[in-house]
Each structure stands twice: as structure tokens, then as C-alpha cells.
Amino acid sequence: MTTMDTSTPRVGRRRRPASDGYEESVRQAPPRHPDPPIYLALLARWTEDGRTVPGRRDPEWSRIASSPIWPTGPLFGG
């Protein structure tokens, strides 16, 4: 049987305390600009046509993903 004990103590990495007057910089996301009118018109057209629109759930995918794995019914013998 082997043991996991070693003669040297295990020391993990430690974070140094921040010195006085030091502040960690935090990167902020760039400001979001509104979509140009051409994209808004395209999204409206796709929505009218029943197409998938970025940022919205795809109803066809939701229907397919929620259907049973194995088909049942008279055509499938179940």
C-alpha cells in the first residue's frame, strides 16, 4: 500500500494582497448601438413570413425537439 504523505508541506497558490492605492481595472462591454433600419426591416419581413429570427425561439425546432423519439401510431405498428 502506498501513502500520499510527503515530507514537504503542500502549499497552494496564494493571491497577493493588493497594495494601497491599487485598483483592479474592470473591462466594460462596449456600448450597444441600435440596429440599422435595414436590419429591422429584414427582421420584420422574416417574422411576417414565419421564418426563424435571431434572438427568438424557433417554433419548428421546438416542435421537433419535443416530439417522441420513436414514432407511434397505426403506420408504425404502435
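Here the structure is a predicted model, which means the values were calculated and not measured.

Reading the values: rules and limits
Residues numbered from 1 in each chain as written. Predicted model: local features only at pLDDT ≥ 70, side-chain atom pairs only at ≥ 80, totals over all residues. Heavy atoms only, no water. Helix = DSSP H or I, 4+ residues; strand = E, 2+ residues; numbered from the N terminus. Areas by Shrake-Rupley, 256 points an atom, 1.4 Å probe, with all protein chains shown as cover. Salt bridge = Lys/Arg side-chain N within 4 Å of Asp/Glu carboxyl O. Buried < 20%, exposed > 50% of the residue type's maximum accessible area, 1.4 Å probe, protein only. Polar contact = N/O pair within 3.5 Å; in protein donor to acceptor, adjacent residues only side chain to side chain.

(A) Region of the structure containing the overall build of the protein. When helices and strands are counted, the protein shows two helices and zero strands. In the structure as shown, the protein presents an accessible area of about 8,900 Å², 56% of it carried by carbon and sulfur atoms.

(B) Spotlight on the pattern of salt bridges. Scanning the model with the defined rule gives one salt bridge in all. For the salt bridge of Arg45 with Asp49, the shortest nitrogen-to-oxygen distance reads 3.5 Å. Take Arg45: its relative accessible area is 52%, and that puts it in the exposed class.

(C) Structural view of the environment of Asp58. By the secondary structure assignment, Asp58 is in the loop between helix H1 (37–48) and helix H2 (59–66). Of the polar contacts made by the side chain of Asp58, one reaches the side chain of Thr52; its length is 3.3 Å.

(D) Representation of H2. Across the eight residues of H2, zero count as buried, placing the element largely on the outside. The N-capping residue of H2, defined by a side-chain oxygen 3.2 Å from the backbone nitrogen of Glu60, is Asp58.

Without other data, these values stay purely geometric and don't point to any function.
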